Amino acid sequence: MLRLIRRWLAQYDAWCERMGFVPENRRCCAPVRYDEDDARHPVQRAARMKACKTAAEDDSRAVDR
């Protein structure tokens, strides 16, 4: 039974790929939920942006001295 489900899932995945239903082709207006440990999650993205902003500020302070 499990083998049958895996085969159907593989066929479905192949069909989705043929039809263009892949994450790279999704519409920007479509809502997407990401796992919390995914780098694309809004909380993770905000933390990265904050870290980049802090690093940029530190670099600009070092240049000013």
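1. Quick word on the packing of aromatic side chains
Counting across every chain of the model gives 2 aromatic pairs. Put simply, the rings of Tyr-12, Trp-15 and Phe-21 pair up and form one aromatic cluster.

2. Quick word on a nonpolar patch on the surface
Taken together, the side chains of Leu-9, Tyr-12, Trp-15, Met-19 and Phe-21 present a nonpolar region at the surface, about 550 Å² in accessible area. When its relative accessible area of 48% is taken as the criterion, Tyr-12 is described as partly exposed.

3. Comments concerning helix H1 (residues 2–19)
Compared with the 26 Å implied by 1.5 Å per residue over 18 residues, the 26 Å span of H1 between its first and last C-alpha is a close match. With its phi angle positive at about 90°, Gly-20 sits one or two positions after the end of H1.

Cut-off values and rules
- Residues numbered from 1 in each chain as written.
- Predicted model: local features only at pLDDT ≥ 70, side-chain atom pairs only at ≥ 80, totals over all residues.
- Heavy atoms only, no water.
- Phe/Tyr/Trp six-rings, centres within 6.5 Å; stacked < 30°, edge-to-face > 60°.
- Patch = residues over 30% accessible without salt bridge, like charges linked within 9 Å, V, L, I, M, F, W, Y side chains within 5 Å.
- Areas by Shrake-Rupley, 256 points an atom, 1.4 Å probe, with all protein chains shown as cover.
- Salt bridge = Lys/Arg side-chain N within 4 Å of Asp/Glu carboxyl O.
- Buried < 20%, exposed > 50% of the residue type's maximum accessible area, 1.4 Å probe, protein only.
- Helix = DSSP H or I, 4+ residues; strand = E, 2+ residues; numbered from the N terminus.
- Expected span 1.5 Å × (residues − 1).

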